[in-house]
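# Structural characterization, general
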Amino acid sequence: MKALYYDCFAGISGDMNLGALLDLGVDREYLIQELNKLLIVDEFSLTIKTDKKMGITGTKVDVLLKEHFYEHIEGHTHEHSHEHTHGHNHEHSHEHIQGHTHEHSHEHTHGHNHEHSNEHSHEHTQNYSHEHAHKHIYDHSQEDTHSRNSEQEHAHVGNAHTHKHSHEHRNLRMINELIDKSQLNSNVKKISKDIFLCIAKAEAKVHGMPVEEVHFHEVGAVDSIVDIVGAAICLDFLNVDRILSSTVELGSGFVRCAHGMIPVPAPATVEILHEVPTHIGRVTSEATTPTGAAILKTMVDAFVDNIEFKIVKTGYGLGTKDFSIPNVLRVFLLEIDEEEKDYINEDNFILETNIDDMNPEIISYIEDKLFQQGALDVYKTPITMKKGRMATKISVLTDSSNVAKVERILLHETSTFGIRKYRVQKKMFQRSIQNINTKYGDIPVKLALYKGETIKYKIEYEAAKKLSIEHNVPIQEVYCEAQKICNREGIINLDSNQ
Ligand SMILES: O=C([S-])c1cc(C(=O)S)c[n+]([C@@H]2O[C@H](COP(=O)(O)O)[C@@H](O)[C@H]2O)c1
Ligand code: NI
C-alpha cells in the first residue's frame with residue numbers, strides 16, 4: 001500500500017506543500033498544465049526551482065501574480081499590464097481600507113504598459129516604496145510564505161487614491177464556481193472544494209458569520225487558489241492509499257493582519273486544527289498557515305508520531321522565511337505492508353497515576369466519571385509502590401479530544417499530585433454491529449471483519465444482562481439462545497457489509 005507521511009516539524013503552508021509534492025515526483029509540467037485548466041490562467045504563473053535551506057536541497061514554489069487590473073473607487077480605472085524582463089526587489093506597503101498593511105517583496109522590472117481609462121499620473125522608478133489604499137474584499141497579511149512577484153514597477157504620485165484589484169478576492173461560491181467550470185477531474189475538484197470549505201468554516205467561526213459571508217484573507221487571492229487546487233492536483237497525481245502526518249508545528253509570536261498583530265497560530269489555523277496533535281513554539285514565527293492547516297485537516301487519515309514504515313522517496317518543500325531550524329516541509333512516500341489497510345489504526349492517549357493514599361471507595365466513583373467524560377477504557381492494576389505500599393495504578397485510554405477532561409478528573413478528583421501521559425497507537429479490526437432476534441429480544445452482536453470476512457464475533461454483554469434481568473433467566477441462558485441464532489444464521493461467514 002502506498003502512503004504519504006507529512007513530517008511537519010517546521011509547519012506547513014500552501015507553497016511548502018506544493019514544493020514538497022513536486023520534490024517527491026509530481027511532474028512539474030503536469031501541475032502547470034492542470035492548473036491552466038482553471039480559467040484564471042492569465043492571472044498567475046509559477047516559478048518552481050530547486051534550492052537549499054540550511055543545506056537541505058528541496059523545491060521552492062512561488063506564485064507570480066501576472067496582472068493587476070486596478071479600478072479606482074473615485075471612478076477612474078487603469079489597467080496595468082506587466083511585461084518585464086529584468087529583476088530587482090522592492091518592498092511596498094499597502095494600506096487597506098479595512099485598515100491593515102502588508103508588505104510585498106516584488107521582483108520585477110520595467111517595460112510594462114499601463115492603460116488608463118482616466119487621466120492618472122504615475123512616476124515610475126526603480127526600488128520605489130509606495131502606499132496604496134486598496135479596497136479588498138478579504139484582508140490579507142503578506143507575512144506569509146509567498147513571494148508575490150509582481151511583474152510591474154510603478155509608483156503613484158499622490159498615491160492616496162483608492163483602488164481595487166480586478167482579480168477580485170473571491171468568496172466561497174465564486175471559488176466553487178471557478179473550480180466547477182474547469183476541466184479538472186472530479187477528484188481534484190472535490191479535494192479543492194473540501195479544502196476551501198474547511199477554511200471557510202473556520203473563518204466563519206472565528207469571525208462569527210455565516211460561511212457564505214466569510215471574508216477570506218489570502219484565500220480568495222489567486223495564489224491561494226493555486227496553492228489549494230495545486231495541492232489537489234498533486235495529491236490526485238500521487239494517488240496514495242493513505243495520508244499520515246506527524247504532530248504539526250505551529251510556531252509562535254505574532255503576525256501582521258487587518259486587525260493589527262494577531263497571535264500565532266492565527267485564529268483560523270487554530271480553529272482548523274482542533275483535535276489535531278500540534279506543537280507550539282519551536283520557532284518564533286508563523287510555521288503553519290490556515291491554508292497548510294486546511295490541507296492537513298482535509299486530507300490526513302491519521303496523525304501519528306510513532307509508526308514503523310519503509311521510506312521509498314523523500315520530498316522537501318522549502319519555505320520563504322529563515323528559522324533557527326530548516327524551514328522545510330518534509331513528505332515521505334511510504335510503502336506500507338498491504339495488510340495494514342485491513343485494520344483501523346488510531347492515535348490515542350493513555351493517562352496514568354499511582355494511588356496509595358486514597359479511600360478506595362472513591363476509585364469506582366472516579367471510574368464512572370471518566371467513562372461519562374468519554375474515556376475509551378479505564379483499568380486498575382494492583383501495584384506495590386515504594387516503602388512496600390500496596391497501591392492502585394489507574395490507567396485511562398482516551399482519544400485526543402478528551403485528554404484535557406480526563407487529566408482534570410485525575411488531577412483534581414484523586415489524591416495524586418501528578419499524572420503520566422503518553423501517546424499510543426490502537427490497531428483494531430474493522431467492525432460492524434448486527435442485531436439478532438432471540439426469544440428474549442434483540443441483542444447486538446459485534447463482528448470483527450478482516451478482508452471482508454467476519455472472523456470473530458461478540459454477543460454484547462450489556463444487552464444480554466438487560467434481557468436476563470427483564471426475563472428473570474440466567475445470563476448464560478440468554479447467551480446460549482443468542483449463540484444458537486448466530487450458529488443458525490452462519491454469522492461467522494456473513495458478508496462484511498452487514
Ligand atoms: O488579516 C487577517 S484578519 C488575518 C486573519 C487570520 C486568521 O486566522 S482569522 C489569518 N491571517 C493570516 O493570513 C495569512 C495568509 O494565510 P494563507 O493560509 O492564506 O496563506 C497568514 O499569515 C494568516 O495568519 C490574516
Ligand atoms: Ni480571519
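Residues numbered from 1 in each chain as written. Chains lettered and ligands numbered in written order. Predicted model: local features only at pLDDT ≥ 70, side-chain atom pairs only at ≥ 80, totals over all residues. Heavy atoms only, no water.

Named according to an unreviewed UniProt entry, the chain is Pyridinium-3,5-bisthiocarboxylic acid mononucleotide nickel insertion protein originating from Mobilitalea sibirica. Within the UniProt record for the chain, the comment given under Function (unreviewed entry) is "Involved in the biosynthesis of a nickel-pincer cofactor ((SCS)Ni(II) pincer complex). Binds Ni(2+), and functions in nickel delivery to pyridinium-3,5-bisthiocarboxylic acid mononucleotide (P2TMN), to form the mature cofactor. Is thus probably required for the activation of nickel-pincer cofactor-dependent enzymes." Per UniProt, the chain carries the Sequence similarities (unreviewed entry) text "Belongs to the LarC family." (UniProt positions renumbered as here; feature names shortened; annotations may be inferred.)

### Structural notes on the overall build of the chain
The secondary structure content of the chain amounts to 11 helices and 26 strands. Restricting the contact set of the chain to residue pairs at least 6 apart, pairs at least 24 apart contribute 73%. Working note: accessible area of the chain is about 23,200 Å², and carbon and sulfur atoms make up 49% of it. (Helix = DSSP H or I, 4+ residues; strand = E, 2+ residues; numbered from the N terminus. Contact = heavy atoms within 4.5 Å. Areas by Shrake-Rupley, 256 points an atom, 1.4 Å probe, with all protein chains shown as cover.)

### Considering unusual backbone geometry
Of the consecutive residues Val 264 and Pro 265, the connecting peptide bond is found in the cis state with omega at 0°. Tracing the backbone shows Pro 265 in the loop between strand E16 (260-263) and helix H6 (267-272). One non-glycine residue, Asn 239, adopts positive backbone phi at about 45°. When you line up the elements, Asn 239 lands in the loop between helix H5 (222-238) and strand E13 (242-245). Looking at Asn 239, the relative accessible area reads 57%, which means it is exposed. In the Ramachandran plot, Glu 275 falls in the positive-phi region, its phi being about 70° despite a non-glycine side chain. (Buried < 20%, exposed > 50% of the residue type's maximum accessible area, 1.4 Å probe, protein only.)

### Focus on the environment of Gly 374
Within the secondary structure, Gly 374 is located in the loop between helix H8 (361-372) and strand E22 (377-385). Separated by 25 residues in the primary sequence, Gly 374 and Asp 399 place their C-alpha atoms 8.5 Å from one another.

### So, the packing of H8 against helix H9 (residues 403-413)
Between H8 and H9, the shortest axis-to-axis distance is 10 Å and the interhelical angle comes to 160°. With respect to H9, the axis of H8 lies roughly antiparallel. Between H8 and H9 lies a crossing of right-handed hand. Facing H8, whose interface residues are Ile 362, Tyr 365, Ile 366, Lys 369 and Leu 370, H9 presents Val 406, Ile 409, Leu 410 and Glu 413. For the contact of H8 with H9, the class distribution of residues is 7 nonpolar, no polar and 2 charged. (Axes fitted to C-alpha atoms, helices over the stretch in contact; angles between N-to-C directions. Parallel < 35°, antiparallel > 145°, perpendicular 65-115°, else oblique. Left-handed = near helix turned anticlockwise from the far one by under 90°. Nonpolar A, V, L, I, M, F, W, Y, C, P; charged D, E, K, R; others polar.)

### Quick notes on the pattern of salt bridges
Following the criterion strictly, the structure yields 21 salt bridges and no others. In this structure, Arg 330 engages Asp 7 in a salt bridge whose closest nitrogen and oxygen atoms are separated by 2.9 Å. With Arg 330 in strand E20 (residues 328-335) and Asp 7 in strand E1 (residues 2-7), the pair connects residues that are 323 residues apart, well separated along the chain. Judged by its relative accessible area of 12%, Asp 7 falls in the buried class. Lys 53 is paired through a salt bridge with Asp 322; the nearest N and O atoms lie 2.7 Å apart. You can see Lys 53 sitting in strand E2 (residues 44-53) and its partner Asp 322 sitting in the loop between strand E19 (310-318) and E20, a full 269 residues away along the chain. Connected through shared salt-bridge partners, Asp 305, Asp 347 and Arg 423 make up one network. (Salt bridge = Lys/Arg side-chain N within 4 Å of Asp/Glu carboxyl O.)

### Details of the packing of aromatic side chains
If you walk through the whole model with that rule in mind, you get 7 aromatic pairs. Their ring planes at 50° and their centres at 5.2 Å tell us that Tyr 5 and Phe 309 sit as a pair that is tilted. Residue Tyr 5 is found in strand E1, and its partner Phe 309 is found in the loop between strand E18 (302-303) and E19; the two are separated by 304 residues along the sequence. On the basis of relative accessible area, Phe 309 is assigned to the partly exposed category, the value being 27%. Seen from their ring centres, Phe 429 and Tyr 450 are 6.2 Å apart, and the 75° between their planes marks the pair as edge-to-face. In this pair, Phe 429 is assigned in strand E24 (residues 420-438) and Tyr 450 in strand E25 (residues 441-450), connecting sequence segments 21 residues apart. The class of Phe 429 is partly exposed, set by a relative accessible area of 24%. We note Lys 427 situated over the ring of Tyr 343; from NZ or CZ to the ring centre the distance is 4.6 Å. (Phe/Tyr/Trp six-rings, centres within 6.5 Å; stacked < 30°, edge-to-face > 60°. Lys NZ or Arg CZ within 6 Å of the ring centre and 35° of its normal.)

### Quick notes on the pairing of strand E14 (residues 248-251)
On E14, burial covers both faces: Val 248 and Leu 250 on one face and Glu 249 and Gly 251 on the other are all buried. Note: E14 against strand E17 (residues 278-280), 3 bridges, orientation parallel. Looking at the pairing, Gly 251 lines up with Ile 280 of E17. (Pairing = 2+ DSSP bridges.)

### Brief notes about H8
In a regular helix each residue adds 1.5 Å, so 12 residues correspond to 16 Å; H8 covers 18 Å between its end C-alpha atoms and thus fits that length. Along H8, the residues that are buried comprise Ile 363, Ile 366, Glu 367 and Leu 370. The buried residues of H8 occupy an angular sector of 105° when the element is viewed end-on, so they sit on one face. Those residues of H8 that are exposed and aimed more than 90 degrees away from the buried face are Glu 361 and Gln 372. (Expected span 1.5 Å × (residues − 1). Arc of directions from axis to C-beta.)

### Points about the sheet that holds E24
Sheet strands line up and pair through hydrogen bonds in the backbone, either parallel or antiparallel. Strand order across the open sheet formed by 6 strands is E22-E23-E21-E24-E25-E26, with antiparallel pairing between neighbours. Because the sheet does not close on itself, it has two edges, and the strands there are E22 and strand E26 (453-459). Ignoring strand direction, the axes of neighbouring strands in this sheet form an average angle of 40°. Judged from the 8 bridges that link them, strand E21 (residues 343-355) and strand E23 (residues 389-399) form a sheet pairing that is antiparallel.

### Thoughts on the side chain of Asp 342
Looking at the element boundaries, Asp 342 is found in the loop between E20 and E21. What makes Asp 342 buried here is its relative accessible area of 14%. Among the polar contacts listed, one links the side chain of Asp 342 to the side chain of Lys 451, at a separation of 2.9 Å. Contact partners of Asp 342, with chain neighbours within four places excluded, come to Gln 430, Leu 449, Tyr 450 and Lys 451. (Polar contact = N/O pair within 3.5 Å; in protein donor to acceptor, adjacent residues only side chain to side chain.)

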